[in-house]
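# Structural features, examined
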Amino acid sequence: MSAFLSIRNLSAVLKGGPPLLRSVSLDVAAGEVRGLVGESGAGKSMIGKAVLGILPRAVEVVEGEIWLDGVDLLRLKPTERRRRIGATAALIPQDPMTALNPSRRIGPQITDRLVDILGWRRAAADARALELLEQVHIPDPARVMRAYPHELSGGMRQRVLIASAFAAEPKLIVADEPTTALDVTVQKQILRLIAQMQARHGTALLFVTHDLGVVSKICGTLSVLYAGKVVEDADVRDFFAAPAHPYSAALLAATPRYTDPKAGLNPVPASVIKAVDAEISAFDRGWRNG
Amino acid sequence: MLDARDMVKRRLGLRLWLSGGWLVLLLLAALMAPWIAPHDPLEQDLFTSRLPPFWMAGAEPGYWLGTDSLGRDVLTRIMYGARVALIVALVAGTATMLIGAALGLIAGYYRGWPDMVISRLIDIWMAFPPVLFAILLIAVLGTGLTSVIIAIIVIDWTRFARVVRAEAMAQGAMDYVASAQVAGQRRLGIMLREILPNVLPTIVALLTLEMGIAVIVEAILSFVNLSISTDDPTWGGMIAEGRTSIHQAWWVLVFPLAALFLTVLSFSQLGEGLKDRFDPVLR
């Protein structure tokens, strides 16, 4: 297994309900940045959550493998899996407002993992947290370490979360729409910061987003998801030059361009949706029978 | 804007001071009753029966709040009654909190079968009328302070369990819990370190409320003579006795009632005040 993260034929269903993921396969090599794009409800976040072992209770993985650093996570015991993920992967969550514990100071929230899982000494962990807060350009990091989350703005909190994700030098970070909850001016800064930190630490990044513009800026490869199925898996440069699947082509065409204010929006045409839906049903039939 | 905030702050402060002040006063009176009470709580003297409080005509010096029909000093008996009321409030309130909050936290955070078991238990419990349940329990356990405390715990743990469960469920869905999980934290660790601090303000508010309720339940039980032995003064017992002579000596009824009222009100106001002051999210 050459890729650092390798998902093989992962399928998940809502318990007693419809399929959410349909035999998803994707690889993220060490140091690679892979975009995971799709409409809302396509299952992008589900894949990230499956990798990190935080799937909602109502979701059940029915088949597949998730290889992280040469180990199939789904075959580990829960305790072992928890430790393994804690030591190798991290999350940059979507909503900075709920992603920090409101009643605990920032410092310990960053250092918990270092101290509890990796066995660092408290002083070393504190020094590390300070260093990381500096790296994400937080002014007066010593004060922020002692602050409560409600004393910081949304952008600042997202910086703290980025620092926290990189603190333990994980080999893989899942960024779950990290800029969606921020306003546009801050979005750009945060995006640049994530790219910067990724380059500096050489971390593999699985970047979940619905924004192809974001993908073009920071990702090297991408997977396009529709209804929980990967419809295209490509190099970003090739993809933006010539998307292979008609659905991804339509998705790309639907991206609004701000250069011409008079141009209308181009929704994904109904014919394309019909075709891709047919593809999905054909797949489901094959799945049930096979 | 700033002025308005100051005003709110000052009002919160006043609320805390008034309620806290009354409770501290009561606590001191209860602790030091044997030394500072003007009379013996059980000493009867028919020559000084039904003396009015100090500002009315016919009052005797030394009997500040008057005497009851057996000539026992009302102030003294209120002070001794406060001992029972406060012991019940503190012990029963705290024990109820520990049991109820722990079960609520487990049900709300772990979900699954622990939640099933605890929630069904709560449902069953809530179907019993509480006062009847208490009387039944006392009838089985026998009267006495311990029985009263046990009865309160057994009846009221659901109050904590229900509220804490809902709160823990809401907190459990937050991203910071997912982050802690990804960071490799144990479930128990997450429950105690991440969830509990966020539920704590609610628990504290409920605790003070529960202490007030415990005082009321004790009063109800002693009103129907099911609390501690009839000789020892309790507020509920005093109210029951005062009821019979309300037209001749209203003070025997009114003063313990006022003490009860102020105490229960103070407990609930203290809880609200503490919550407003120490909840980091509201602060």
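Summarised in this report is the structure supplied together with it. In every chain, residue numbers begin from 1 and rise along the written sequence. The naming scheme follows written order: chains are lettered A onward, ligands numbered 1 onward. Totals for whole chains, interfaces and linings use all residues, but because this is a predicted model, local features are given only for residues with pLDDT of at least 70 and pairs of side-chain atoms are given and counted only at 80 or more.

### With respect to the overall build of chain A
Summing up its helical and strand segments, chain A has eleven helices and ten strands in all. Based on C-alpha atoms, the radius of gyration is set beside the globule rule, defined as 2.2 Å times the residue count to the power 0.38. Taken against the 2.2 N^0.38 rule, which gives 19 Å for 290 residues, the C-alpha radius of gyration of chain A at 20 Å falls within 12% of a compact globule. With respect to the principal axes defined by its C-alpha atoms, chain A has extents near 60 × 55 × 35 Å. Any residue with 12 or fewer other C-beta atoms within 10 Å of its own C-beta is exposed, any with 20 or more is buried, and the rest are partly exposed; the C-beta atoms used are placed from the backbone. Of all 290 residues assigned to chain A, the portion counted as buried reaches 42%. Distance between backbone-placed C-beta atoms decides contact: two residues are in contact if it is within 7 Å. Taking contacts inside chain A between residues at least 6 apart in sequence as the whole, the part at least 24 apart equals 66%. Numbered from the N terminus, helices here are DSSP runs of H or I no shorter than four residues, and strands are runs of E no shorter than two.

### Focus: the interface of chain B and chain A
Every contact between the two is made by 16 residues of chain B and, on the other side, 26 residues of chain A. For the side of chain B that touches chain A, the secondary-structure elements that each account for two or more residues are helix H6 (175-182) and helix H7 (187-223) of chain B. A class-by-class count of the residues in the side of chain B that touches chain A yields eight nonpolar, five polar and three charged. Under the scheme applied, nonpolar residues are Ala, Val, Leu, Ile, Met, Phe, Trp, Tyr, Cys and Pro; charged residues are Asp, Glu, Lys and Arg; polar residues are all the others, including Gly.

### A look at the sheet that holds strand S4 (residues 59-68) of chain A
Residue and element names in this part refer to chain A. Read from one edge of the open sheet, four strands run S2-S1-S4-S5, paired in antiparallel fashion. Edge positions in the open sheet fall to strand S2 (19-28) and strand S5 (71-72), since each of these has one partner strand only. In this sheet, S2 lies alongside strand S1 (residues 5-14) in antiparallel orientation, the contact comprising six bridges. Paired with Ser6 across the bridge in S2 is Asp27. For two strands to count as paired, DSSP must find a minimum of two bridges between them.

### Observations regarding the nonpolar core
In this usage, the nonpolar core is the set of buried Ala, Val, Leu, Ile, Met, Phe, Trp, Tyr and Cys residues whose C-beta atoms join them within 7 Å. Counting 155 residues, the largest nonpolar core has Leu206(A), Val88(B), Ile152(B) and Val215(B) as its most contacted members. Per-element accounting of this core gives the leading share, 19 residues, to helix H2 (residues 74-110) of chain B. Beyond its immediate stretch of four places on either side in the chain, Val215(B) contacts Ala85(B), Val88(B), Ala89(B), Leu260(B), Thr263(B) and Val264(B).

### Structural notes on H7(B)
All names here are of chain B. With 37 residues, H7 ought to run about 54 Å at 1.5 Å a step, yet its terminal C-alpha atoms sit only 46 Å apart, falling short of that. Two axes are fitted around each residue, one to the seven residues ending there and one to the seven starting there, and the angle between them is reported as the bend at that residue. The sharpest bend along H7 measures roughly 55° and falls at Leu196, with the proline Pro197 sitting one to four residues further on. The element H7 is extensively covered by neighbouring structure, given that 26 of its 37 residues are classed as buried. Expected helix span is taken as 1.5 Å per residue step, with the number of steps being one fewer than the number of residues.

### So, helix H4 (residues 122-135) of chain A
Residue and element names in this part refer to chain A. For H4, which comprises 14 residues, the first-to-last C-alpha distance of 20 Å matches the rise-based estimate of 20 Å (1.5 Å per residue) to within 8%. Here H4 has its buried residues at Ala125, Ala129, Leu132 and Leu133. Buried residues of H4 fall within an arc of 100° about the axis and therefore sit on the same side. Exposed residues pointing more than 90 degrees away from the buried face of H4 are listed as Ala123, Ala124 and Glu131. Those residues of H4 hidden inside the fold are in contact with helix H3 (106-116), helix H5 (141-146) and helix H6 (154-167). Just beyond H4, the residue with positive phi is His137, at close to 60°. The arc in question is the one spanned by the directions pointing from the helix axis to the C-beta atoms.

### A few points about the sheet that holds strand S6 (residues 89-92) of chain A
Residues and elements named next belong to chain A. Taken in spatial order, the six strands line up as S6-S7-S8-S3-S9-S10 in an open sheet, and their pairing is mixed. The open sheet has two free edges, formed respectively by S6 and strand S10 (229-235), since each of these has just one partner strand. Strand-to-strand twist in this sheet, taken as the mean axis angle between neighbours without regard to direction, amounts to 20°. All axes here are fitted lines through C-alpha atoms, helices being fitted over the stretch that makes contact, and every angle between N-to-C directions spans 0 to 180 degrees.

### Focus on the environment of Pro52(B)
Residue and element names in this part refer to chain B. Among the structural elements, Pro52 can be located in the loop between helix H1 (2-36) and H2. Considered as a pair, Pro52 and Tyr63 are eleven residues apart in the sequence and their alpha carbons are 8.3 Å apart. When neighbours within four sequence positions are excluded, Pro52 is seen to be in contact with Gly58, Ala59, Gly66 and Trp251.

### Re the pairing of S2(A)
A large share of S2(A) lies buried, amounting to seven of its ten residues. Two successive antiparallel strands, S1(A) and S2(A), enclose a turn made up of four residues, where Gly16(A) displays a positive phi of approximately 65°.

### What about the pairing of strand S8 (residues 204-209) of chain A?
Residue and element names in this part refer to chain A. Counting buried residues along S8, six of its six residues qualify, which places the element largely inside the surrounding structure. Residue alternation in S8 divides its side chains into two sets, Ala204, Leu206 and Val208 and Leu205, Phe207 and Thr209, and both sets are buried. For strand S3 (residues 33-38) and S8, the ladder comprises five bridges, and the chain directions are parallel. If you follow Val37 over to S8, its bridge partner there is Thr209. For strand S7 (residues 172-176) and S8, the ladder comprises five bridges, and the chain directions are parallel. Along S8, the bridge assignment pairs Asp176 with Val208. Orienting the strands away from the viewer, one traces the path from the first strand over the helix to the second; a clockwise path indicates a right-handed crossover. The β-α-β motif built from S7, the intervening helix H7 (residues 184-201) and the parallel element S8 has right-handed crossover chirality.

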